[in-house]
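Residue strings, one per chain:
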Amino acid sequence: VECGSCGGTYECPNCAITMTLHKGARVMACHYCGLRVPYSDTCPSCHADDLTELGKGTERIEERLNALFPEAGVIRMDADTTATRGAHHRLLEAFRNGEDQLLIGTQIVAKGHDFPNVHTAVVVSADRGFRMPDFRAAERTYALLVQLAGRAGRGDVPGKVFVQTYQPDHYVLKHLDDVEKFLTHESTLRHAMRYPPHARMVLIRLDGTNRDAVNQAARSLANELKRKAGQDSVDIMGPANAALPILVGRWRVQIVIRGSDTRALRK
């Protein structure tokens, strides 16, 4: 949710990230530390009654599909609907048996399930996967899209796969039907950037409740590593804040060690 007056939103005090609206339960939840607070229609920053519900989460998609296809029956699989024992199995069986014809879910619906009568698979907001702060983001998105595509067309009717994106020319999407072309493209990029498998990388993360102490320890360690690396072909990068700089009340700083010479890196 976002305030139309000041741009404010609900932020987790433990993790410094935006909390997610769970509309059915009327709560805002942090998906990292588990904090849940009651949802109010007034902005937590300026108290204006101008909050807008954004995003394309599973609840929002469920609302739209129920409105568009009231007779089809919709199953939603996410952390809320699968929290109780046996819920995961019951929901999948209802879909497999045809009791409901539309299945919405997070990544858990893409992997390892066999639905012989599924004809169509849809990926919403594929671009989120490309934007993750990780050099493996393209590889992981590619694997997930291929897995999801494999859910459609397992019976007698050929399957169709739709991918929603703002980047239709992204190489992940252009090579979805050709694994070798994707691997070649990805390998070329990683070679240029000295990412694995063309180099080795080690991530060292320091975390603690005292921000200054964590930063000081990280600087001391980075300086020591740089001194020991000397003239060897080993890069010491950082220290820098982690992608999530505070999580569950702990400050997180990281150092990356990178090198192509395995012996020098181990040393």
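Now for a description of the structure that goes with this document.

Reading the values: the criteria
- Throughout, a residue's number is its position along its own chain's written sequence, starting from 1.
- Residue-level local features of this predicted model are given only where pLDDT is at least 70; pairs of side-chain atoms are given and counted only at 80 or more, and the full residue set underlies all totals for whole chains, interfaces and linings.
- The basis for every side-chain value is the complete set of non-hydrogen atoms in the structure, without hydrogens or water.
- What counts as a ring pair is set by centres within 6.5 Å for rings of Phe, Tyr and Trp (its six-membered ring), and what kind of pair is set by the plane angle: stacked under 30 degrees, edge-to-face over 60, tilted for all other angles.
- In this text, helices come from DSSP runs of H or I with a minimum length of four residues, and strands from runs of E with a minimum of two, each type numbered from the N-terminal end.
- In this analysis the charged atom, NZ for Lys or CZ for Arg, is taken to sit over a ring once it is within 6 Å of the ring centre and within 35 degrees of the ring normal.
- Here a strand pair is declared whenever DSSP counts at least two bridges between the two strands.
- Angles here are taken between N-to-C directions and fall from 0 to 180 degrees, while the axes themselves are lines fitted to C-alpha atoms, restricted in helices to the stretch in contact.

## Some words on the packing of aromatic side chains
The geometry of an aromatic ring pair is captured by the separation of the ring centres together with the interplanar angle, meaning the angle of the planes.
Point 1. Summed over all chains, the structure comprises four aromatic pairs.
Point 2. Taking the centre distance of 4.0 Å and the plane angle of 10° together, the rings of Tyr 142 and Phe 182 count as stacked. Taken together, the positions of Tyr 142 in helix H4 (residues 137-149) and Phe 182 in helix H6 (residues 179-193) put the pair 40 residues apart, joining distant regions of the chain.
Point 3. Centroid distance Tyr 171 to Phe 182: 5.9 Å. Interplanar angle 15°. Geometry classified as stacked. Here the residue Tyr 171 occupies a position in helix H5 (residues 171-174), and Phe 182 occupies one in helix H6, the gap between them amounting to 11 residues.
Point 4. Chaining the aromatic ring pairs together yields one cluster made of Tyr 142, Tyr 171 and Phe 182.
Point 5. Above the ring of Trp 251, the side-chain terminus of Arg 211 is found at 4.2 Å from the ring centroid.

## Side note on the sheet that holds strand E12 (residues 250-259)
Point 1. The three strands are arranged E10-E12-E11 in an open sheet whose pairing can be described as antiparallel. The sheet terminates laterally at strand E10 (200-208) and strand E11 (234-247), the two strands that pair on one side only. Taken over all neighbouring pairs, the strand axes of this sheet differ in orientation by 20° on average, direction set aside.
Point 2. Of the strand pairs in this sheet, E11 and E12 are connected by eight bridges, and their pairing is antiparallel.

## Description of the sheet that holds strand E2 (residues 20-22)
Point 1. Strand order in the open sheet formed by three strands is E2-E3-E4, and the pairing between neighbours is antiparallel. At either margin of the open sheet sits one strand with a lone partner, and together these are E2 and strand E4 (36-38). On average, adjacent strands in this sheet sit at an angle of 30° to one another, irrespective of strand direction.
Point 2. Pairing geometry for strand E3 (residues 27-29) and E4, over three bridges, is antiparallel. Considered in E4, the bridge of Ala 29 is made with Arg 36.

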